[in-house]
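# Structural overview
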Amino acid sequence: MAQPGASRLIRIKNGIIGPVEPREKTVQAKTRADYPGVTEAHLDIAEVYASPKLAGPPLCDELIALMQHTFTEEEASIARHIGPRARETAQSVAAAAHRPLEEVLSILERLANEKCVLLAFGSGENRFYTNLPLAAGTF
């Protein structure tokens, strides 16, 4: 059984109704050197999401775990070429990744349409891809 008041969104203190105190943040900022076993692609995509432009958390254990869960190494190696708040075409990502356009397009479409971690808009050669900010409260 949960502790009394443990799952409440409001509290009453001295006759005043208000929100419960926020949880203390447990995120510890780290550097790339703290993750020797993590692939370069996953570290790169984590740094994209750690950007203040996407309102992301600092590079930390939780962000690394989320990136490894969200992206395969191959997907991360493609998605890392889409910077924070950038709008990139499949052609520009393929050129940056030094990979065939058809292969990159397939991965970008999977990330946008199946995994829903990229936003895609437009069509044909004018189709752009961008990163979605992390949901508020994820960390």
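Above this text sits the structure in question.
Here we summarise the structure given alongside this text. A quick note: this is a predicted structure, and the numbers were derived from the prediction, not measured.

The next thing to look at is the overall build of the chain. Tallying secondary structure elements over the chain gives 5 helices and 5 strands in all. Its helices and strands in sequence order give the chain the pattern β-β-α-α-α-β-α-α-β-β, from N to C terminus. A compact globule built from 139 residues would reach a C-alpha radius of gyration of about 14 Å, whereas the chain, at 19 Å, exceeds it by more than 25%. Once the C-alpha set of the chain is aligned to its principal axes, its extents read approximately 65 × 35 × 30 Å. Expressed as a percentage of its 139 residues, the buried residues of the chain come to 32%. In the chain, the share of contacts with a sequence separation of at least 24, taken over all contacts with a separation of at least 6, comes to 55%. With the model as given, the accessible surface of the chain reaches about 9,000 Å², and the carbon-plus-sulfur share is 55%.

A few words now on the environment of Ala 46. Along the chain, Ala 46 falls in helix H1 (residues 40-49). Take Ala 46: its relative accessible area is 0%, and that puts it in the buried class. Sequence separation between Ala 46 and Ala 76 is 30 residues, and the spatial gap between their C-alpha atoms is 9.1 Å. Leave out the neighbours within four places in its chain, and Ala 46 touches Leu 59, Leu 63, Ile 64 and Met 67.

Rules used throughout
- Each residue is numbered by its place in its chain's sequence as written, counting from 1.
- Totals for whole chains, interfaces and linings use all residues, but because this is a predicted model, local features are given only for residues with pLDDT of at least 70 and pairs of side-chain atoms are given and counted only at 80 or more.
- To obtain the side-chain values, all non-hydrogen atoms of the structure were used and water was disregarded.
- A helix here means a DSSP run of H or I that spans at least four residues, while a strand means a run of E at least two residues long, and both kinds are numbered starting from the N terminus.
- Our radius of gyration looks at C-alpha atoms and nothing else; its globule reference is 2.2 Å times the residue count to the power 0.38.
- Three exposure classes are used, based on accessible area relative to the maximum for each residue type with a 1.4 Å probe and protein chains only: buried under 20%, partly exposed in between, and exposed over 50%.
- Residues are treated as being in contact if the distance between any of their heavy atoms lies within 4.5 Å.
- We get accessible surface area from the Shrake-Rupley algorithm with a probe of 1.4 Å; when it comes to residues, only the shown protein chains can shield them.

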